[in-house]
Amino acid sequence: MEQVASSLLSNALKYGTGHPVTLRVERDRGRARLSVRDEGIGIAPGSLQAIFEKFTRAVSARHYGGLGLGLFITRQIVEAHQGTLRAVSQPGQGAPFIVELSESPGNLQLWE
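In this text the structure is predicted, and so the values were computed from the model without any measurement.

Rules and cut-offs
Residues numbered from 1 in each chain as written. Predicted model: local features only at pLDDT ≥ 70, side-chain atom pairs only at ≥ 80, totals over all residues. Heavy atoms only, no water. Buried < 20%, exposed > 50% of the residue type's maximum accessible area, 1.4 Å probe, protein only. Helix = DSSP H or I, 4+ residues; strand = E, 2+ residues; numbered from the N terminus. Pairing = 2+ DSSP bridges. Expected span 1.5 Å × (residues − 1). Contact = heavy atoms within 4.5 Å. Axes fitted to C-alpha atoms, helices over the stretch in contact; angles between N-to-C directions.

A. Here's a closer look at the pairing of strand β3 (residues 84–87). Residues Leu 85 and Ala 87 of β3 are buried on one face, while the alternating residues Thr 84 and Arg 86, pointing to the opposite face, are not. In this structure, β3 lies alongside strand β4 (residues 95–102), joined through 4 bridges in antiparallel fashion. Counterpart to Ala 87 in the pairing with β4 is Phe 97.

Dropping the structure here:
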């Protein structure tokens, strides 16, 4: 989960255009939740699912760099722990990325 948090924080700093980044860890209804939110450029609704695919980006590589693999790898790690990763966003309104894991014994050790 360290790599998941690191990847999401790195993206938030990269796309947050110098605005604050918020990180929250909490338990809710039998699930552990990690959310990382930036206040940057946001993501168009049509790109919210595609950004988790290999080599897919919501913005030009010319302006932000990268290969388009970070969120793909991050989602693979989360899903390997029977969790989910999603984003909710609108252009210009930042982007929260939310990881949810069931509170199974193996997953709880990841958070402690």
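B. Structural context of unusual backbone geometry. The phi dihedral of Thr 17 falls on the positive side, at around 45°, and the residue is not glycine. Tracing the backbone shows Thr 17 in the loop between α1 (2–15) and β1 (21–28). On the basis of relative accessible area, Thr 17 is assigned to the partly exposed category, the value being 43%. Of note in this structure, Arg 29 is not a glycine but carries a positive phi near 50°.

C. Here's a closer look at α1. Counted at 1.5 Å a residue, the expected span for α1 with its 14 residues is 20 Å, and the 20 Å between its end C-alpha atoms agrees. Looking one or two residues past α1, Thr 17 carries a phi angle of roughly 45°, positive in sign.

D. Highlighting the side chain of Thr 74. Locating Thr 74 in the fold gives a position in helix α3 (residues 70–80). The class for Thr 74 is buried, based on a relative accessible area of 3%. Ignoring any residue separated from it by four or fewer positions in sequence, one finds Thr 74 in contact with Val 4, Ser 7, Leu 8 and Leu 85.

E. Spotlight on the sheet that holds β4. Here we have 4 strands laid out as an open sheet, ordered β1-β2-β4-β3, and antiparallel in their pairing. Single-partner strands in this sheet number two, and they are β1 and β3. Neighbour to neighbour, the strand axes of the sheet diverge by 15° on average, direction disregarded. Strand contacts of α3: β3 and β4, with the helix running at about 145° to β3, the strand carrying the most contacts.

F. Representation of the environment of Val 78 within the structure. Mapped onto the elements of the fold, Val 78 is located in helix α3. Of the residues examined, Val 78 reaches a relative accessible area of 0% and is grouped as buried. Residues Val 78 and Met 1, 77 residues apart in the sequence, show an inter-C-alpha distance of 7.8 Å. With residues up to four places along the chain from it excluded, the contact list for Val 78 reads Val 4, Gly 83, Thr 84, Leu 85, Val 99 and Leu 101.

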